[in-house]
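These are the residues of each chain, in order.
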Amino acid sequence: MSFQNVKITILYGSQTGNAQDVGEQLWRESKRFYFQSCVKPLNDFNITQIAQERCIIFTCSTTGQGEEPDNMKIFWKFLLKKSLPSNFLNQMKFAVLGLGDSSYSKFNFVAKRLYKRLLQLGGEPLIELGLGDDQHDFGYDAVADPWMEKLWIKLNKVYPLPLHIAPLSANLAIVPRWTSVQTNNVNNLLDVQNNANKYHSVLYSTETCNHLDAVVLENRSQTHKTHFQDVRLIKFKTNGQKYAPGDLLVLRPKNLPWKISEFKNVLTKNGIYIKDEAVIELKENDPNMPVPEVLKRNATFKQLCEEYFDLFSIPRRHVFQLLSQITDSELEKEKCLEFSSGESREDMYAYTTRPRRNIVEVLDDFPHASKNLTLDILFEILPPIKPREFSIASSFKRQNNEVHLLVAVVKYKTNLVKERIGLCSNFLADLNPGDQVYAWLKGGSFKFPSNLDVPVIMVGPGTGVAPFRSFILEMCEKNRNPKNLLLFFGCRYEAKDFLFKEEFVSLRDDSLLTLICAFSRDQEEKSYVQHKIKENGELVWNAIERDCYIFVAGNSKNMPQQVREAFVNVCMNHGRLQDSEAAKKIDLMVKKGRYQTECWS
């Protein structure tokens, strides 16, 4: 019998899939050291057995206003029980890696709280808390890579291998998680089609609540045809499902037809032919890596290409490790091994992340590996399309049978010849009236006040204004005191990308909204929302003195921090507070939920 090391459990709390990716990376790496390991979402773990676990590795992201991911909520609720004794986890060693975004005030809040709570319950940390930052040039890998290296060093000291057994190679052969079986069985194919008709896709999650079949009513550009970016207002007809300001519409896009053709062309020119109508059945190879629910129903290869494989994904390191194992070219193997090593992070970043080179383009660049692809391997290198969340831009009180989305269509240039395309935004932009989309409603991170007894300041440059339109329309329908609504909106040109211009100007003229705009390119010196906050410092300070709420939404690069600094500046210049006092005042607003941020990269 081959040697087996102790059991370690790898648990992830993941909202968009990043923490899951890292968890699965840890699971693959653990095989090098013969650990008996499993990887699963935190909610799938039998929490009542946690005190019996010897070692657990956690990877978790932070969502919204410092909230835990959906697939972690049950676990976290149990762990917070006051009845748990301080020695509850005395037998357990642990490590925590957080994935966050430092543009949020509650950066990696979930990982920090989890680490602290595990300590309170008597758990023994293997290494220090890791805090990955999506704002770093290398993303969270800049912290995750050295953190994982330290983790394996520590684990091998705590659970050493016998002297006669050495760790396996870093390029340990990747065994596919699942075995795929192709069949052309007509009956099975009909079953797949029936399921597709019933659920609109055999690949959409059926666990979600409050789902809806949204039918496109209108898909109209909100920006001038000469503007650099097309922003769409897409209106969907619903069946009256209720939602509140700040809520989200969640959907999974389908791959664009031209991208599917590009993918199939790469397969074909490398001698790989898989019929569209071939029905694929997956079987697990390892009980610790079961087939996910979403793939337990058979699907045709066409459906997988349209609805499951993320053909726009940027490959991670394990992809190159796997390609190095199937290529018969020494040159390709050398390059793949280089990219899969942590020491060549800059080279891989320059090849993949910086130019946004996607997996289909990578496969085309490595033909000697691509010709040896199998369906089993495709499931290892092609991640699933992840759901996308959009802030709802309409009000249920005003448009109770509609949901509106404000979508910036992502198209841009890098040093690659072909234009870069955002999957979901372009999928939505291509929708026509009458098209149907499967989606579901979800509570958002913004927690708006239910009335306007106090002022509400909203800072929403660009498409960040979407949730604020929802709230403003809702409040106007309630006929509350409109003088307490203050919106700072920013864009480049008043004539080109002033979103909802007629609507907001009309509300301002009717004294229902205080509207302050920053048109950054309409004058020689650029002016942004943070400048307008400072220019209107007295108005802003009066609102802060009245215990106002502040909401900030938009791109996460520089804006959130600069806006926060603007509010601190107002507290100093108009509230006569010292620098540290002003910063503490804003921090206190964050703590009380009166300063909320929702940003994206």
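Residues numbered from 1 in each chain as written. Predicted model: local features only at pLDDT ≥ 70, side-chain atom pairs only at ≥ 80, totals over all residues. Heavy atoms only, no water.

Looking at the overall build of the protein chain
Next up, step 1: From N to C terminus, the protein chain includes 21 helices and 22 strands.
Next up, step 2: For a compact globule of 601 residues, the expected C-alpha radius of gyration is about 25 Å, and the protein chain comes in at 26 Å, within 12% of that figure.
Next up, step 3: The contacts of the protein chain with a sequence gap of at least 6 include a subset with a gap of at least 24, amounting to 79%.
Next up, step 4: Counting every atom, the protein chain has about 27400 Å² of accessible surface; 47% of that belongs to carbon and sulfur.
Next up, step 5: In the protein chain, which carries 77 positive and 72 negative side-chain charges, the distance between the mean positions of the two groups comes to 4 Å. (Helix = DSSP H or I, 4+ residues; strand = E, 2+ residues; numbered from the N terminus. Rg over C-alpha atoms; globule rule 2.2 N^0.38 Å. Contact = heavy atoms within 4.5 Å. Areas by Shrake-Rupley, 256 points an atom, 1.4 Å probe, with all protein chains shown as cover. Lys, Arg positive; Asp, Glu negative; His and termini not counted. Charge placed at Lys NZ, Arg CZ, Asp CG, Glu CD.)

Examining the pattern of salt bridges
When their charged atoms lie close together, side chains carrying opposite charge are able to pair.
Next up, step 1: Throughout the structure, instances matching the rule amount to 32 salt bridges.
Next up, step 2: With a closest N to O distance of 2.9 Å, Arg316 and Asp141 form a salt bridge. Pair noted here: Arg316 is in the loop between α7 (301-308) and α8 (317-326) and Asp141 is in helix α4 (residues 141-158), with a separation of 175 residues, a long-range link.
Next up, step 3: Overall, the relative accessible area of 18% leaves Asp141 in the buried class.
Next up, step 4: The partner of Glu503 in a salt bridge is Arg469, with the nearest N and O atoms 2.6 Å apart. Residue Glu503 is located in helix α17 (residues 501-509), and its partner Arg469 is located in helix α15 (residues 466-478); the two are separated by 34 residues in the primary sequence.
Next up, step 5: By relative accessible area, which is 24% here, Glu503 ends up partly exposed.
Next up, step 6: With relative accessibility at 4%, the residue Arg469 sits in the buried group.
Next up, step 7: In this structure, a network of salt bridges that share partners links the residues Glu24, Arg177 and Glu380. (Salt bridge = Lys/Arg side-chain N within 4 Å of Asp/Glu carboxyl O. Buried < 20%, exposed > 50% of the residue type's maximum accessible area, 1.4 Å probe, protein only.)

Things to note about the sheet that holds strand β13 (residues 388-391)
Next up, step 1: Strand order in this open sheet of six strands is β13-β10-β17-β8-β9-β14, and the pairing throughout is antiparallel. The open sheet has two edge strands, β13 and β14 (402-408), and neither has a second partner. When strand polarity is set aside, the average angle formed by the axes of neighbouring strands in this sheet is 40 degrees. (Pairing = 2+ DSSP bridges. Axes fitted to C-alpha atoms, helices over the stretch in contact; angles between N-to-C directions.)

Some words on the packing of aromatic side chains
Next up, step 1: Evaluation of the coordinates by the stated rule reveals 30 aromatic pairs.
Next up, step 2: Between Phe446 and Phe468, the aromatic rings sit 5.8 Å apart at their centres with planes inclined by 20 degrees, giving stacked as the arrangement. Note that Phe446 is positioned in the loop between β17 (436-442) and β18 (456-459) and Phe468 in helix α15, a separation of 22 residues in sequence. Phe468 carries the same exposure label as Phe446, and that label is buried.
Next up, step 3: Every member of this aromatic cluster is reached through a ring pair, and the members are Phe446, Phe448, Phe468, Phe471, Tyr549 and Phe551.
Next up, step 4: Above the plane of the ring of Phe109 lies Lys106, whose end atom (NZ or CZ) is 5.0 Å from the centre.
Next up, step 5: Geometry around Tyr549 places Arg594 over its ring, the cationic atom sitting 4.4 Å from the centre. (Phe/Tyr/Trp six-rings, centres within 6.5 Å; stacked < 30°, edge-to-face > 60°. Lys NZ or Arg CZ within 6 Å of the ring centre and 35° of its normal.)

Points about the pairing of strand β3 (residues 55-61)
Next up, step 1: Of all seven residues making up β3, seven are buried, and the element is well covered by its neighbours.
Next up, step 2: Here β3 shows no split at all, with Cys55, Ile57, Thr59 and Ser61 on one side and Ile56, Phe58 and Cys60 on the other all buried.
Next up, step 3: Two strands pair when backbone bridges link them, and β3 and strand β4 (residues 93-100) are joined in this way by seven bridges, in the parallel orientation. Bridging from a neighbouring strand, Ser61 pairs with Leu99 of β4.
Next up, step 4: For the crossover from β3 across helix α2 (residues 73-79) to β4, the handedness is right-handed. (Right-handed = clockwise from strand over helix to strand, strands pointing away.)

Focus: the nonpolar core
Next up, step 1: Within the largest apolar cluster, 70 residues are counted, with the highest numbers of intra-cluster contacts made by Phe263 and Phe379.
Next up, step 2: The greatest single-element share of this core, amounting to six residues, is contributed by α4.
Next up, step 3: Residues in contact with Phe263, not counting those within four places in the same chain, are Phe301, Cys305, Leu311, Val360, Leu363, Leu378 and Leu382.
Next up, step 4: Counting residues in hydrophobic clusters, the runner-up holds 33 residues, among them Leu406, Met458, Leu513 and Cys517. (Core = buried A, V, L, I, M, F, W, Y, C linked by side-chain atoms within 4.5 Å.)

A word on the side chain of Asn270
Next up, step 1: Inspection of the secondary structure assignment puts Asn270 in the loop between α6 (257-269) and β11 (279-284).
Next up, step 2: A polar contact of 2.7 Å, which involves the side chain of Asn270, links it to the backbone oxygen of Val266.
Next up, step 3: Discounting chain neighbours no more than four positions away, the residues touching Asn270 are Pro367, Ser370 and Lys371. (Polar contact = N/O pair within 3.5 Å; in protein donor to acceptor, adjacent residues only side chain to side chain.)

A look at the packing of helix α20 (residues 559-573) against helix α21 (residues 579-591)
Next up, step 1: Viewed as axis vectors pointing N to C, α20 and α21 meet at an angle of 125 degrees, and their least axial separation amounts to 8 Å. Judged by the angle between their axes, α20 and α21 are oblique. Crossing handedness for the pair α20 and α21: right-handed. The residues of α21 that touch α20, namely those facing Arg564, Phe567, Val568, Cys571 and Met572, are Asp579, Ala582, Ala583, Lys585, Ile586 and Asp587.
Next up, step 2: Grouping the amino acids of the contact of α20 with α21 by side-chain chemistry returns seven nonpolar, no polar and four charged. (Parallel < 35°, antiparallel > 145°, perpendicular 65-115°, else oblique. Left-handed = near helix turned anticlockwise from the far one by under 90°. Nonpolar A, V, L, I, M, F, W, Y, C, P; charged D, E, K, R; others polar.)

Quick notes on the sheet that holds strand β12 (residues 299-300)
Next up, step 1: Spatially, three strands are ordered β7-β11-β12 in an open sheet, and the strand pairing comes out antiparallel. Each having just a single partner strand, β7 (178-183) and β12 make up the two edges of the open sheet.

Describing the packing of α6 against α7
When two helices pack together, their arrangement is captured by the angle between the axes and the distance separating the axes.
Next up, step 1: Where α6 contacts α7, the two axes come as close as 10 Å, and the packing angle between them is 130 degrees. The pairing of α6 with α7 is recorded here as oblique in orientation. The handedness of the crossing between α6 and α7 is right-handed. Where α6 abuts α7, its residues Ile260, Phe263, Lys264 and Leu267 lie against Phe301, Cys305 and Glu306.
Next up, step 2: The residue makeup of the contact of α6 with α7, split by class, is five nonpolar, no polar and two charged.

Section: the layout of surface pockets
Next up, step 1: Taken as a whole, the second largest pocket holds about 850 Å³ of empty space.
Next up, step 2: By residue class, the composition of the lining of the second largest pocket is 12 nonpolar, eight polar and 11 charged. (1 Å grid on protein atoms, 1.4 Å probe; cavity = no way out; pocket = protein on both sides within 12 Å on 5 of 7 lines; lining within 4 Å. Points joined across faces, edges and corners; volume = space filled by probe spheres on them.)

Side note on the environment of Pro287
Next up, step 1: For Pro287, the location among the structural elements is in the loop between β11 and β12.
Next up, step 2: Take Pro287: its relative accessible area is 64%, and that puts it in the exposed class.
Next up, step 3: A sequence separation of 249 residues divides Pro287 from Cys38, and the C-alpha atoms of the two residues are 8.6 Å apart.

Points about unusual backbone geometry
Next up, step 1: With a phi close to 65 degrees, Tyr34 is a non-glycine residue in the positive phi region.
Next up, step 2: Looking at the secondary structure, you find Tyr34 in the loop between α1 (18-30) and β2 (36-41).
Next up, step 3: The partly exposed category is assigned to Tyr34, whose relative accessible area is 21%.

What to know about α21
Next up, step 1: In this model, α21 (13 residues) spans 19 Å end to end at C-alpha, consistent with the 18 Å of a helix rising 1.5 Å per residue.
Next up, step 2: Within α21 the residues assigned to the buried category are Ala582, Ile586, Met589 and Val590. Looking down the long axis of α21, one finds its buried residues gathered within 105 degrees of arc, a one-sided arrangement. The outward face of α21, more than 90 degrees from its buried face, is lined by the exposed residues Lys584 and Lys591.
Next up, step 3: On the buried face of α21, the contacting elements are α19 (537-545), β21 (549-555), α20 and β22 (595-600).
Next up, step 4: Just beyond α21, the residue with positive phi is Gly593, at close to 80 degrees. (Expected span 1.5 Å × (residues − 1). Arc of directions from axis to C-beta.)

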